[in-house]
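Chain and residue survey
Each chain is listed here by its residues.
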Amino acid sequence: MKGRQISVLASSTFAFTICFAVWMMFAVLGIPIKAKLGLNETQFGLLAATPVLTGSLVRVPLGIWTDKFGGRIVLFSLMLSTVVPIYMISHATEYWHFLVLGLFVGLAGGSFSVGTPYVARWFQPERRGLAMGIFGAGNSGSALTKFVAPAIIAAFGWEYLPKVYAGAMLATALLFWFFSHSDKSHTVASNVTFADQLKMLKDPRVWRYCQYYSVVFGGYVALALWMTKYYVSEYGFDMKLAALLAACFSLPGGVLRALGGWISDKYGAYKVTWSVMWVCWVAFFILSYPQTSMIVKTVNGPMSIDIGINAWFFTVLLFVVGVATAIGKASVFKFISDDFSHNIGAVSGIVGLAGGLGGFILPIMFGALVDLTGVRSSAFMLLYGTVCVSLVWMHFSFKPERETPDVSVPLKKAA
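Here's a quick rundown of the structure. Bear in mind that the values here come from a model prediction, so they are computed numbers and not experimental data. (Residues numbered from 1 in each chain as written. Predicted model: local features only at pLDDT ≥ 70, side-chain atom pairs only at ≥ 80, totals over all residues. Heavy atoms only, no water.)

**Examining the overall build of the chain**
Broken down by element type, the chain carries 19 helices and 2 strands. If you line up the chain on its principal axes, its C-alpha atoms span 80 × 65 × 35 Å. Scored against the burial criterion, the 415 residues of the chain give a buried share of 56%. Sequence-distant contacts in the chain: of pairs separated by 6 or more residues, those separated by 24 or more amount to 84%. Entry remark: accessible area of the chain is about 17600 Å², with carbon and sulfur atoms responsible for 69%. (Helix = DSSP H or I, 4+ residues; strand = E, 2+ residues; numbered from the N terminus. Buried < 20%, exposed > 50% of the residue type's maximum accessible area, 1.4 Å probe, protein only. Contact = heavy atoms within 4.5 Å. Areas by Shrake-Rupley, 256 points an atom, 1.4 Å probe, with all protein chains shown as cover.)

As structure tokens, this is what we get:
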């Protein structure tokens, strides 16, 4: 049993890493496409976010199918379905071609809602947080794209990247099939209907977790898609250096999810999520400040003052945010595994949908805000606002629990 657990966890994590790398491919691929087609910031945001839309919308049905049919067959079929659309991107020539193909490529993003319940059911409740955290470390596929994609594009041209990714996805699907396992006891009873599985969505806790996840995961996805372009535009770096610095956010945001699972098991989902939101709140407040030049009239005459964040301090703050979101993503799913252990697939699907939609909407809003205001740091102003909403909601949602007195009676010492 232990050997199967390790095999399932390892093969699923590797598969999710490749799926996430494919899902985030337009974060780098979109830059030469933007130059080729002459896109504005909003159009670039839509291009980068289009795969995220499909990957979000399919999460609910995929999570439910995983509960019913098992994660192995669902994840294998999902990966195979993306191979041809990924390859076809190399032959696209018009903006709408990329958008349509991006919708099909985005199916890879639904792998999270399959892998999470699939992995979780192989482990005992006290170890699920760590197991799901290790699986969730596949988010580091975003950093993998930032390491690999610029080198491929520089050496062979952007058209070669989709061909490489299509081959990688096909090979990964086959490896996953041969090293993963099935267990019929992990599927729900055949008499459980689709409507029965959706009933738990009436629970207000589900929507609360949706909001938290739209910040820690939606914000992570949006920044992973946006930061390479941000470094190029704001600091004038070339694509290789920009992608490398952006990986300082993406890599810890994925890899350290396993640490977040362990911390959540040890200290509880509420304390960890609350701390994560405060860290993000402070970081986004600082990152929101735009590059500013002003003239101050002093007694000795005008004095010029320049206020702004240099690239290195900016990268340090991004790294902090990456660590916080990694831990937060794990803690939110610890909430789910604790509260909905028998319906992890369906609930993780709806929560994943909310997070994915955040990752879809935010890059478009980032681009629109830049086009409207001309201030690139407006992206962080928007994220600052979403974290404020989460902190207020958490405060009032858990306030009754915090104020409940401890009525337990201590045991008397034996005489």
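Additional details are given in the paragraphs that follow.
**What about the environment of Ile-364?**
If you trace the backbone, Ile-364 turns up in helix H18 (residues 344-373). Put simply, Ile-364 and Gly-45 are 319 residues apart on the chain and 4.5 Å apart in space, counted from C-alpha to C-alpha. Setting aside residues no more than four positions away along its own chain, Ile-364 makes contact with Thr-42, Gly-45, Leu-46 and Ala-49.

**Concerning the packing of aromatic side chains**
Taken as a whole and judged by the stated rule, the model has 38 aromatic pairs. A centroid spacing of 6.0 Å and a plane angle of 20° characterise the contact between Tyr-235 and Phe-237, whose relative ring orientation is stacked. For the pair Tyr-235 and Phe-237, a shared accessibility class is recorded, and that class is buried. Measuring from ring centre to ring centre gives 5.4 Å for Trp-278 and Trp-281, while their planes differ by 70°; the resulting arrangement is edge-to-face. With Trp-278 and Trp-281 both in helix H16 (residues 269-287) and 3 residues apart, this pair spans about one turn of that helix. (Phe/Tyr/Trp six-rings, centres within 6.5 Å; stacked < 30°, edge-to-face > 60°.)

**Here's the deal with the pattern of salt bridges**
Considering all chains together, one arrives at 3 salt bridges under this definition. As a salt-bridge pair, Glu-234 and Arg-376 come within 3.1 Å of each other at their nearest N and O atoms. Within this pair, whereas Glu-234 is found in helix H13 (residues 218-235), its partner Arg-376 is found in the loop between H18 and helix H19 (378-403), the two being separated by 142 residues in sequence. Between Asp-265 and Lys-334 there is a salt bridge, and its shortest N-O distance comes to 2.9 Å. In this pair, Asp-265 sits in helix H15 (residues 257-267) while Lys-334 sits in helix H17 (residues 311-339), placing the two residues 69 residues apart along the sequence. (Salt bridge = Lys/Arg side-chain N within 4 Å of Asp/Glu carboxyl O.)

**Section: the nonpolar core**
Looking at soluble globular proteins, one finds that nonpolar side chains tend to be buried together. Core analysis: the biggest nonpolar cluster contains 126 residues, and Phe-314, Val-351 and Phe-380 have the highest contact counts within it. Each residue touching Phe-314, except ones within four places of it in the same chain, is listed here: Met-227, Tyr-230, Tyr-231, Tyr-235, Leu-287, Ile-309 and Phe-380. (Core = buried A, V, L, I, M, F, W, Y, C linked by side-chain atoms within 4.5 Å.)

**Digging into the packing of helix H7 (residues 111-120) against helix H8 (residues 125-136)**
Running from amino to carboxyl end, H7 crosses H8 at an angle of 145°, the nearest separation of the two axes being 9 Å. Read as a crossing pair, H7 and H8 show a hand that is right-handed. Facing H7, whose interface residues are Ser-111, Phe-112, Gly-115, Thr-116, Val-119 and Ala-120, H8 presents Arg-128, Ala-131, Met-132 and Phe-135. In the contact of H7 with H8, the residues fall into 6 nonpolar, 3 polar and 1 charged. (Axes fitted to C-alpha atoms, helices over the stretch in contact; angles between N-to-C directions. Left-handed = near helix turned anticlockwise from the far one by under 90°. Nonpolar A, V, L, I, M, F, W, Y, C, P; charged D, E, K, R; others polar.)

**Here we look at the pairing of strand S2 (residues 301-307)**
Looking at chain direction, strand S1 (residues 292-298) and S2 are connected through 7 bridges and run antiparallel. In the strand pairing of S2, Lys-297 is matched with Pro-302. (Pairing = 2+ DSSP bridges.)

**Digging into the environment of Thr-187**
Following the sequence through the fold, Thr-187 ends up in the loop between helix H10 (160-179) and helix H11 (194-198). As for Thr-187 and Ile-86, which are separated by 101 residues in sequence, their C-alpha atoms are 31 Å apart.

**What to know about a nonpolar patch on the surface**
A cluster of nonpolar side chains, contributed by Val-279, Val-282, Phe-285, Ile-286, Phe-313, Val-316, Phe-319 and Val-320, occupies part of the molecular surface with about 660 Å² of accessible area. Among the elements of the structure, H16 and H17 are those that each provide at least two residues to the nonpolar patch. Counting through the fold element by element, Val-320 comes out in helix H17. (Patch = residues over 30% accessible without salt bridge, like charges linked within 9 Å, V, L, I, M, F, W, Y side chains within 5 Å.)

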